[in-house]
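Summary of the model geometry
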Amino acid sequence: MAARRPVVPGRAARGPGWRAWLRATIGRNVAGTLAGIVGAWFGVPMVLLMAGVGGVVGGLAGVVSGTVVGVGVLDRLDTLLEFVFPLPVSSSELLPTAAAQIGGIVGGLIGMVNGALTLGWMTAVFPWQQLYAGDPLWPVSVLLGQVAVAVTVGALYVWWSAGTEAVRLRVGGARELSRREADWLLPILAEAGERLGLDALPRLLIDDRREPNASAGIRHIVINAGLLEQLDHDREQIAAVLAHELAHWRDGDAIAMAWAKGVALPLFLAFELADRALRAARIRPLQFLVRLLSWSVLATVRYGVLPAQATLWRAQEYRADAAAAAAGYQDGLRRTLAYLRGSFDGQRSGWDRTLLASHPPNELRLDRLEHDDRVYPLHEEHPLVRALPGWTGDSTVRKGW
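The following paragraphs examine the structure supplied in this document. (Residues numbered from 1 in each chain as written. Predicted model: local features only at pLDDT ≥ 70, side-chain atom pairs only at ≥ 80, totals over all residues. Heavy atoms only, no water.)

Some details on the overall build of the protein
Short version of the rule: Comment: elements are numbered from the N terminus, with helices defined as DSSP H or I runs of at least four residues and strands as E runs of at least two. Whether two residues are in contact is decided by their heavy atoms, any of which lying within 4.5 Å being enough. Only the protein chains shown count as cover for residues, and all accessible areas are computed by the Shrake-Rupley method using a 1.4 Å probe.
The number of helices and strands found in the protein is 15 helices and six strands. The long-range share in the protein, meaning contacts at least 24 apart out of those at least 6 apart in sequence, stands at 74%. As presented, the protein carries roughly 22,600 Å² of accessible surface, and 65% of it is formed by carbon and sulfur atoms.

So, in structure tokens, the structure goes:
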């Protein structure tokens, strides 16, 4: 059996390999890809917008008709009671306001639902009915054409993301390693790559921000100087972080995320424009106007496309953790996550912090990295505390203690 060539630290690879590219684009996150294609290329925001218009118009019409009907019902009740059980005062005289209010509320609700469903259904179906009336094959041709355009745009976006990644990272603050940094970090990166069975490595960059973070791109890995400092340059923990990011790079996770955005690029561009307009609008009436004009785009992305895609993001984190643990970095990765939990894992409440979260809860990641024969303390000491003279604590406690 031929020996595997050693990895070359510092040499930028063209990516994790063609198999990873295929898995990350057409072979992974089918639900997120379909949600992006349907949301961006089949008029979902327009359907929602017209459904909203139909709901408003139908609701107003329902309020008017319900009010008239409510009063009319009392008049008919009075006529019936005259023959069955005559009252000294008519019910229409006793409850005229209540009848109008109840009838208006019920009519408004019925009209709103009916108007929204009717106009939304017409917007979604009528164009396809017209195509079918012209030729039964036209709807199929249009559908396939839209999917082909989405796939082409997605592929071009991934290609653009890979080609411009180095420039975008440098503009964003990443830089080349200094000689001292390279002498210390590159051997760690090469060792992690060998343990993971890699034949090539992405280029490693440094970001001087104090935030403890690391990320994997299509062709690069970026590690923040703040992470190195907070972990006190602990070799085992830094190696575990790099192994985690190498697993992301090997599996093409950055490619998958670029692909998911690319197939829905028009929708994400509209969403980004609306989001920036909302943040720029400081006057409440202006914010209301922006929301009124863009609510259907915001709703499609936040409540349709992103939840379907975020499921993959969280699964990627578990998979990268498992890969790093299998490569021998289980304890180092667990200690890192235990120490950094307060830095990036905050309260999870609300739609964005739950269903749109890019990472699983940190405590659940720790669960998967713990040995079955140990009980772990809830609090992990800082590496500098463990280095103090006289510190004798153990990061693990045996069962039964």
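Describing the side chain of T336
Rules: Think of it in three bands: with a 1.4 Å probe and only protein chains considered, a residue is buried below 20% of the maximum accessible area for its type, exposed above 50%, and partly exposed in between.
Following the sequence through the fold, T336 ends up in helix α12 (residues 284–344). A relative accessible area of 3% places T336 in the buried class. Those residues in contact with T336 that sit more than four places away from it in its chain are L231, Q237 and V241.

Notes on the environment of L186
Within the fold, L186 resides in helix α7 (residues 179–195). For the pair L186 and L204, spaced 18 residues apart in sequence, the C-alpha separation works out to 7.9 Å.

Digging into the pattern of salt bridges
Here is the rule we go by: A pair is scored as a salt bridge if a Lys or Arg side-chain nitrogen falls within 4 Å of a carboxyl oxygen belonging to Asp or Glu.
Applying the stated criterion across every chain, the model contains 17 salt bridges. Note that R195 is salt-bridged to E191, the shortest N-O span being 3.2 Å. Here R195 and its partner E191 are both found in helix α7, four residues apart, which amounts to about one turn of the helix. Classification of R195 by relative accessible area gives partly exposed; the value is 42%. Here R250 ties to D251 by a salt bridge, and the two come within 3.2 Å at their closest N and O atoms. Residue classification places R250 among the partly exposed residues on the basis of a relative accessible area of 26%. Several salt bridges share partner residues, and in doing so they unite R250, D251, D253 and R319 into one network.

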